[in-house]
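Okay, here's what each chain looks like letter by letter:
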Amino acid sequence: LPLYFGYSGSDFGAGLIRSLTFVSEAIIVLLAGKFTKTRSNRSWLSIFVLLEGIVFFGSFALLLYFVPFTNTLEFKTIVVILILFVIADFIGLGGYIIRKKIYIDLIPNETRNSFYSLETTIIVFVASPLMIIVGYVIDNYGFSPAVAVLGVFPIVGALLIYFGRNEEATRHKSLNQFNPQ
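In what follows, the accompanying structure is described. Please read all numbers here as calculations on a predicted model, not as lab measurements. (Residues numbered from 1 in each chain as written. Predicted model: local features only at pLDDT ≥ 70, side-chain atom pairs only at ≥ 80, totals over all residues. Heavy atoms only, no water.)

### Observations concerning helix α2 (residues 11-37)
The end-to-end C-alpha separation of α2 is 39 Å, in line with the 39 Å expected for 27 residues at 1.5 Å each. A bend of about 30° at Ala 26 is the largest found in α2. Residues of α2 that are buried include every one of Gly 13, Ala 14, Ile 17, Thr 21, Ser 24, Ile 28, Ala 32 and Thr 36, and no others. (Helix = DSSP H or I, 4+ residues; strand = E, 2+ residues; numbered from the N terminus. Expected span 1.5 Å × (residues − 1). Bend = angle between axes of the 7 residues up to and from the residue. Buried < 20%, exposed > 50% of the residue type's maximum accessible area, 1.4 Å probe, protein only.)

And the structure:
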């Protein structure tokens with residue numbers, strides 16, 4: 001990634017950023033698991049997806065805009081990158097854990113593997129043309145606007161999850177009106 005090399009200036013610096021990120025991720029997985037254990041699945045999923053999009057894509061787009069690549073080792077920028085990675089990783093893993101808990105609750109065992117295959121197929125189907133679009137944006141406008149374009153997708157996804165959850169709750173309430181227990 002140009003992000004590693006643009007702010008580290010060498011293979012050593014890029015390796016240092018990657019190593020620190022991966023080591024911190026082991027701790028973040030434990031913390032995210034404990035945090036999501038006490039949270040309601042459906043109400044927190046849209047919040048995690050929205051926060052991940054804002055923190056990861058939004059903050060990196062701003063970082064790339066205000067601190068352009070210099071190909072030298074910049075410790076302040078590396079510290080900011082590591083902090084952003086840790087925060088975004090915590091939020092992203094929290095959303096991932098909650099999403100998997102919802103899958104286990106909603107999808108029967110017999111069809112769960114088929115659903116996982118379908119999910120991957122849909123992701124590749126959406127991501128393939130997206131690479132062309134983002135490549136065009138990088139060539140014509142730069143790296144920072146391309147990251148901002150990618151940040152639109154988690155925001156739209158969070159809104160779809162939120163409104164879908166509210167629609168389900170509204171439908172459930174209206175059905176209970178006609179069938180009091």
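There's plenty left to go through after this.
### Details of the pattern of salt bridges
Side chains that differ in charge, positive against negative, can pair when their charged atoms come close. Evaluated as defined, the whole model comprises one salt bridge. Between Glu 119 and Lys 100 there is a salt bridge, with its nearest N and O atoms 3.7 Å apart. Taken together, the residues span a long stretch of sequence, with Glu 119 in helix α5 (residues 109-141) and Lys 100 in helix α4 (residues 75-106) at a distance of 19 residues. (Salt bridge = Lys/Arg side-chain N within 4 Å of Asp/Glu carboxyl O.)

### Notes on the packing of α4 against α5
Packing of α4 against α5 brings their axes to within 11 Å, and their N-to-C directions diverge by 140°. One element, α4, and the other, α5, form an angle in the oblique class. Judged by the sense of rotation from one axis to the other, the crossing of α4 with α5 is right-handed. In contact with Arg 99, Lys 100, Tyr 103 and Ile 104 of α4, α5 contributes Arg 112, Phe 115, Tyr 116 and Glu 119. When the residues that make up the contact of α4 with α5 are grouped by side-chain class, the tally is four nonpolar, no polar and four charged. (Axes fitted to C-alpha atoms, helices over the stretch in contact; angles between N-to-C directions. Parallel < 35°, antiparallel > 145°, perpendicular 65-115°, else oblique. Left-handed = near helix turned anticlockwise from the far one by under 90°. Contact = heavy atoms within 4.5 Å. Nonpolar A, V, L, I, M, F, W, Y, C, P; charged D, E, K, R; others polar.)

### Here's the deal with the environment of Phe 75
In this fold, Phe 75 is placed in helix α4. Along the primary structure Phe 75 and Gly 13 are separated by 62 residues, whereas in three dimensions their C-alpha atoms are 9.7 Å apart.

### Some thoughts on the packing of aromatic side chains
Applying the stated criterion across every chain, the model contains 13 aromatic pairs. The interplanar angle of 85° and the centroid separation of 6.0 Å between the aromatic rings of Phe 35 and Phe 48 together place this pair among those described as edge-to-face. Placement of the pair is Phe 35 in helix α2 and Phe 48 in helix α3 (residues 41-66), with a sequence separation of 13 residues. Here Phe 35 falls in the partly exposed class, since its relative accessible area comes to 24%. Between the aromatic rings of Tyr 162 and Phe 163, the centroid separation amounts to 5.4 Å while the plane-to-plane angle is 70°, which identifies the pairing as edge-to-face. Given the relative accessible area of 36%, Tyr 162 is considered partly exposed. (Phe/Tyr/Trp six-rings, centres within 6.5 Å; stacked < 30°, edge-to-face > 60°.)

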